[in-house]
Amino acid sequence: MDPLYRPEIIEPLVQQHWEAKAAFRAVEDPTRPKYYCLSMFPYPSGKLHMGHVRNYTIGDVLARYYRMRGYNVLQPMGWDAFGLPAENAAIHNGVPPAKWTYDNIAYMKGQLKRLGFAIDWSREVTTCRPEYYKWNQWLFLRMLERGLAYQKTGTVNWDPVDQTVLANEQVIDGRGWRTGALVEKRDIPMYYLAITRYAEELLADLDKLTGWPERVKTMQANWIGKSYGVEIHFPLTPPGAKANPSEGWGPVLKVFTTRADTLFGVTYLAVAPEHPLALQAAASNPALAAFLEECRKGGVTEAQLATQEKRGMDTGLKAWHPFTQEPLPIWVANYVLMGYGEGAVMAVPAHDERDYAFAQKYGLPIRPVIRPAGDGEAGGKGQRPDIPTLPYTEPGILFDSGDFSGRRSEDAIEKIALVLKSLGLGDRRTTWRLRDWAISRQRYWGCPIPLIHCDHCGVVPVPDEQLPVLLPEDCVPDGSGNPLARRPDFVNCSCPKCGRPARRETDTMDTFVDSSWYYLRYCCPDNEQAMVDARADYWMPVDQYIGGIEHAILHLLYSRFWSKVMRDLGLIKYDEPFTRLLTQGMVLNHVFSRRTAQGGIVYFAPDEVEVVTDDKGRIVAATARADGQPVDYQGIGTMSKSKKNGVDPQALIDRYGADTARLFTMFAAPPELTLEWSDSAVEGAHRFLKRLWKTVYDHVQGGVVSAYREGELPPRLRDLRRQLHQTLQKVTDDIERRQQFNTAIAAVMELTNHLARLEGDDACTRSVRQEALELIVLMLAPIVPHICHVLYQELKPGACLTDASWPEVDLAALQRDELELVLQINGKLRGKIKVAADAGREAIEQAALMSPEVARFLEGRPAKKVIVVPGRLVNVVG
RNA sequence: GCGCGGGUGGCGGAAUCGGUAGACGCACCGGACUUAAAAUCCGGUACCUUCGGGUGUACGGGUUCGAGUCCCGUCCCGCGCACCA
């Protein structure tokens, strides 16, 4: 055995061993419990970053742990390979996105292998391969047949930098999620997936996801945004003008409200600038038309986003109140959203912040109709109460509201809805914030939408037998529009219906489509005949999914939707794809910057600066190595290219090895929290591995050990065995139930420190040391598998760690004859007492009362009370 | 604004069901080894102290024999959503 720990030598050897044995090949086996451990697949951007290392190490620890526990483990990996960065790289370097992508995949795959992840590479899935995206197209056609996919021309979010349409989810604060460019509105024909049809189920089934963080479920629930309310129709013709009541109410203006109880406080109606009524009124009103035009452009300007000033204009139109018959002015208001509810609201300035601000600005009447429920609740109809400060937005008791006065808000909403329904002027209604998912992208590097445009037959689906619609891989985009549209060999085709010349759809699918079902394809990546097969029934659902919190809404919601669609198509048998979800925190590092003379900011990589620390080790100043001039220390921030504070995992692996990289990322913080990069903490992790190596080396040098007999162990060795098995118990619980790998590692470090201090090389000691080292190596095996593989071989010649099981706790070793209890007097720690392990409550009380501490602190006063917490402490109250 | 997390030494963090606050690691200090340094090993490290002890988990109250943990209020930080009617 090498006396020195040399990861650069042992790690490649161990990896070759795994490869030769096909150690991590997953084969369906109905006789064994399965464990599908999935990490979110990477976008092949070029090289791994620390976030990947963290993500995949967490997954690998769990996969290896469950493998040792006897589960049939599937841990696959693949590539989210379509997407814009490939096109941008092509624009810069003149290389086709396909080549750039495949080169990146090859390099990053090498990096993943170098980190020693227990991945079944035979199931690798790459979304830009026809054998994968064929099934995107196939399922899209199934959805089209069922009306779950449909075309609609609508106002869409247009990213002027990427020249593409964005989904609502991809617009953040009015800007493109990737480019940060201000999003414009455009009218374009688009394909949508009807995710809203599943809104109810997507919301309700969140309750089934007991293995998901509450935070993620809350975010999804908010995103789906179910809202119970009432739809109210305001007639657009005066009630008296109807010649014949049987004709109904004629045209109405529909609004949605959650506060129907405030109906008698309505003083005007407001519609969105895109509302048909607004457009109609604008036709004969140039000033209004100008205002609408301003809203269309202004809705996304920076200034307006910042001030969010409420603006509006009277249309001159009137609607009539369904109960009071009173005429109400209809305004256009920029704070009303066309995309939500009916694109129109009933405005109640007295009880709504926005309506209040608007009414104040434009001098519209403000009419209170709700008062606090408070003490005067029995107060009787019509009684005029003290009105609190307006707007009063809480529910309360109605007044000045006709027959409804005196009712509570909740009650009034029900009654008003009933009466409206009987009048044919409204009903209860549920509204959702969730929109249908727009999947068309005017980009080249994505999955082609399998449709053909024929002048005679219209939009015709590509027949199944012609799938996949192949994406040409030799295009080099130049940044303007979609290069597919300029490829006659792609565009020109014949209509599948009439055979006449036709044009292929050149839009491609949102890449979130690709990632909505990749986990299914890992189950059967080689099936050319079907999207999924029976193997998916064996592996699915995913038992443990690990990925970044940034996917809490988009990817996870789309995947849940996709699963439900596939279930309804009879393709799969489960409702929810991911049973347990772990969202790992981000990786952070120090940020250094300097203001330039022009007022800009330049960033410095942490290794480009020299820091000055105070006597406590805090950074107080920093200078750039290049010019010796000071730079500003900005504290800790997420690793990013722009801040130049990313750490290249490759450098870490080259210097310390994969095991150190893995140990550091798992030890420095619990997986859900942010992880702060620290060079010295990395060294600390490396030091521990060197110590472990040396401890095993020293022990192995002593030669073969004989097994001890339980009875012959002296107390100090029994104590060590107790700690050993207590540690095993804790580590098992930390990994399996708590998923707190940092405390598991801390416990093993503590044990290893104790073991290093264990003196003696008699047969008994060596025998217990052998047991302890074997267990330590097994406990660390999921985290640092390379070093453990070698150490295990040294400890047990002929044995192979790949076949080893997770050790069992020896309950007998946990037994003890004597316990040490904490002695408290009046709740304060005063000492410790030793009692027999089987001592009863009375014996413990006696022992406590007889202790010198009690005599000293109670000074002869009698104890009023003695509280005994078995196995922990005794508190004497005097 | 609404919703969800948080606030513990110099730092990352531990304390799992209301029961020894600060595990483990980093940093720092001291010692050993060395001609010297690095590496390694050993010891110390919340604060105050009259060395008996006292005080400490953002702040102010409360419940309890006992509170970092539970309850009420305040402040601060992070994340998500954001004119959603």
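Up top is the structure.
Residues numbered from 1 in each chain as written. Chains lettered and ligands numbered in written order. Predicted model: local features only at pLDDT ≥ 70, side-chain atom pairs only at ≥ 80, totals over all residues. Heavy atoms only, no water.

Asker: Help me understand a nonpolar patch on the surface in this model?
Answerer: A cluster of nonpolar residues, Leu418, Val419 and Leu423, forms a patch on the protein surface that exposes about 230 Å² of accessible area. Residue placement: leucine 423 occurs in helix α12 (residues 409-423). A relative accessible area of 33% places leucine 423 in the partly exposed class. (Patch = residues over 30% accessible without salt bridge, like charges linked within 9 Å, V, L, I, M, F, W, Y side chains within 5 Å. Areas by Shrake-Rupley, 256 points an atom, 1.4 Å probe, with all protein chains shown as cover. Salt bridge = Lys/Arg side-chain N within 4 Å of Asp/Glu carboxyl O. Helix = DSSP H or I, 4+ residues; strand = E, 2+ residues; numbered from the N terminus. Buried < 20%, exposed > 50% of the residue type's maximum accessible area, 1.4 Å probe, protein only.)

Asker: Can you help me understand the sheet that holds strand β23 (residues 492-494) in this one?
Answerer: Strand pairing in a sheet is mediated by backbone hydrogen bonds. Such pairs are either parallel or antiparallel. Strand order across the open sheet formed by 4 strands is β22-β21-β24-β23, with antiparallel pairing between neighbours. Looking at the sheet topology across the chains shown, the edges are occupied by β22 (458-461) and β23. In this sheet, neighbouring strand axes are inclined to one another by 45 degrees on average, regardless of whether the strands run parallel or antiparallel. Strand direction decides the pairing type here: β23 and strand β24 (residues 501-504), joined by 3 bridges, are antiparallel. (Pairing = 2+ DSSP bridges. Axes fitted to C-alpha atoms, helices over the stretch in contact; angles between N-to-C directions.)

Asker: Is there a simple way to explain the pattern of salt bridges in this structure?
Answerer: Pairing between side chains of opposite charge can happen when the charged atoms of each approach one another. Tallied over the full model, the rule gives 59 salt bridges. With its nearest N and O atoms 3.0 Å apart, the salt bridge here joins aspartate 120 to arginine 123. In this structure, aspartate 120 and arginine 123 share a single accessibility class: buried. Across the pair arginine 722 and aspartate 719 runs a salt bridge, and its minimum N-O distance is 3.2 Å. Remark: aspartate 719 and arginine 722 occur in helix α21 (residues 715-738); sequence separation between them is 3 residues, near one turn of the helix. For aspartate 719, a relative accessible area of 41% corresponds to the partly exposed category. A single salt-bridge network, built from bridges that share partners, covers Glu201, Asp205, Lys208, Arg560, Lys564, Arg567, Asp568, Asp575 and Glu576.

Asker: Sorry if this is basic, but what is going on with empty space enclosed by the protein here?
Answerer: Any empty space left between the atoms is revealed when a probe the size of a water molecule rolls over them. Within this structure, the stated rule accounts for 3 cavities of 30 Å³ or more. In this structure, the largest cavity spans a volume of roughly 130 Å³. Lining the largest cavity, in full, are Trp18, Phe24, Arg64, Arg67, Met68, Ala781, Pro785, His789, Leu801, Thr802 and Ala804. When residues in the lining of the largest cavity are grouped by element, the largest group, 3 residues, is from helix α2 (residues 50-68). When grouped by side-chain class, the residues that make up the lining of the largest cavity number 7 nonpolar, 2 polar and 2 charged. (1 Å grid on protein atoms, 1.4 Å probe; cavity = no way out; pocket = protein on both sides within 12 Å on 5 of 7 lines; lining within 4 Å. Points joined across faces, edges and corners; volume = space filled by probe spheres on them. Nonpolar A, V, L, I, M, F, W, Y, C, P; charged D, E, K, R; others polar.)

Asker: Is there a simple way to explain unusual backbone geometry in this structure?
Answerer: The phi torsion of most residues other than glycine is negative, and most of the peptide bonds are trans. The linkage connecting leucine 467 with the following residue, proline 468, adopts the cis geometry, with an omega of 0 degrees. Note that proline 468 resides in the loop between β22 and α13 (488-491). Residue methionine 540 is joined to proline 541 through a cis peptide bond whose omega torsion reads -5 degrees. Mapped onto the fold, proline 541 is located in the loop between α16 (534-539) and β26 (542-548). With a phi close to 65 degrees, glutamine 325 is a non-glycine residue in the positive phi region. Locating glutamine 325 in the fold gives a position in the loop between β13 (312-320) and β14 (327-333).

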